Amino acid sequence: MATMASGGGADLVAPRSIMAPGIVLGVGIGGFVDGILLHQLLRWHHMLTSTDDDRIGVKYYDPDTVSGLEMNTVWDGVFHAVCWVAVVAGLGLLYSRVTEHRRAVWGSRVLWGWVLVGWGVFNLVEGLLDHQILGIHHVRGGAHQAWWDAGFLVLGLVFVGVGYLVQRGGRVSGRRS
């Protein structure tokens, strides 16, 4: 539950109380951006597009065939379902911790900083697990895939760092955020 403190006539929600909801929301949002932008709009990869040379022996489903694209689309859907659960869970956590002054929290640098941290955490976990350890797909396959994968990880580190700095400089209050 959020810790409330009285300060100059405005109640404040303790910034740490929205850390977990912000990070969980950021993970879900980061996953949606990855899935929608890289999987669907740019079509750079799907969940199983590199399983022909993965490290765990998952059967290869060639995305250039109808049956292969169907299987990749199913796994993209599973990925999006997990992202949806993360967003719903993050919203539920946020709602459980903030019952008053919701407008101040939604406009706060604290919440959006933690969301950015969560997005960076998504990039780091997804980049290390799926691109590096399992090798089931890469950001963009081909001659320069190592650079694309490295850039994805660097972007994750940047999001974590910038998000942390943004939330540190913010307050959850009705007057200033």
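See the structure above.
Small disclaimer: the values here were computed from a predicted structure and weren't measured.

### Quick notes on helix α1 (residues 19–41)
Because each turn of an α-helix spans 3.6 residues, side chains separated by three or four positions in sequence point in the same direction.
Part 1 of the reasoning: Taking 1.5 Å per residue as the helical rise, α1 with its 23 residues ought to reach 33 Å, and the 31 Å between its terminal C-alpha atoms agrees with that figure.
Part 2 of the reasoning: Within α1 the residues assigned to the buried category are Pro21, Gly22, Leu25, Gly26, Gly28, Gly30, Gly31, Asp34, Gly35, Leu38 and His39.
Part 3 of the reasoning: Tucked into the core, α1 has its buried residues touching α2 (66–97), α4 (109–133) and α5 (145–168).
Part 4 of the reasoning: In the stretch just after α1, Arg43 is the one whose phi turns positive, near 55°.

### Some details on the layout of surface pockets
Part 1 of the reasoning: Space inside the largest pocket adds up to approximately 220 Å³.
Part 2 of the reasoning: Considering the residues around the largest pocket, the lining is formed by 13 residues, among which Leu37, Leu38, Asn123, Phe152 and Leu155 are closest to the centre.
Part 3 of the reasoning: For the lining of the largest pocket, the secondary structure elements donating two or more residues are α1, α4 and α5.
Part 4 of the reasoning: Looking at the lining of the largest pocket residue by residue, the class counts come to nine nonpolar, three polar and one charged.

### As for the side chain of His45
Part 1 of the reasoning: In this fold, His45 is placed in the loop between α1 and α2.
Part 2 of the reasoning: Within the structure, the side chain of His45 is placed 3.0 Å from the side chain of His39, a separation counted as a polar contact.
Part 3 of the reasoning: Within polar-contact distance, the side chain of His45 engages the side chain of His137 at 3.4 Å.
Part 4 of the reasoning: Setting aside its immediate chain neighbours within four residues, His45 contacts Asp34, Leu38, His39, His137, His138 and Val139.

### Here we look at a nonpolar patch on the surface
Part 1 of the reasoning: A cluster of nonpolar side chains, namely Val33, Ile36, Leu37, Leu41 and Leu42, defines an oily patch on the protein surface of about 400 Å² accessible area.
Part 2 of the reasoning: Relative to the assigned elements, Leu37 resides in helix α1.
Part 3 of the reasoning: Here Leu37 falls in the partly exposed class, since its relative accessible area comes to 38%.

Parameters and conventions
Residues numbered from 1 in each chain as written. Predicted model: local features only at pLDDT ≥ 70, side-chain atom pairs only at ≥ 80, totals over all residues. Heavy atoms only, no water. Helix = DSSP H or I, 4+ residues; strand = E, 2+ residues; numbered from the N terminus. Expected span 1.5 Å × (residues − 1). Buried < 20%, exposed > 50% of the residue type's maximum accessible area, 1.4 Å probe, protein only. Contact = heavy atoms within 4.5 Å. 1 Å grid on protein atoms, 1.4 Å probe; cavity = no way out; pocket = protein on both sides within 12 Å on 5 of 7 lines; lining within 4 Å. Points joined across faces, edges and corners; volume = space filled by probe spheres on them. Nonpolar A, V, L, I, M, F, W, Y, C, P; charged D, E, K, R; others polar. Polar contact = N/O pair within 3.5 Å; in protein donor to acceptor, adjacent residues only side chain to side chain. Patch = residues over 30% accessible without salt bridge, like charges linked within 9 Å, V, L, I, M, F, W, Y side chains within 5 Å. Areas by Shrake-Rupley, 256 points an atom, 1.4 Å probe, with all protein chains shown as cover. Salt bridge = Lys/Arg side-chain N within 4 Å of Asp/Glu carboxyl O.

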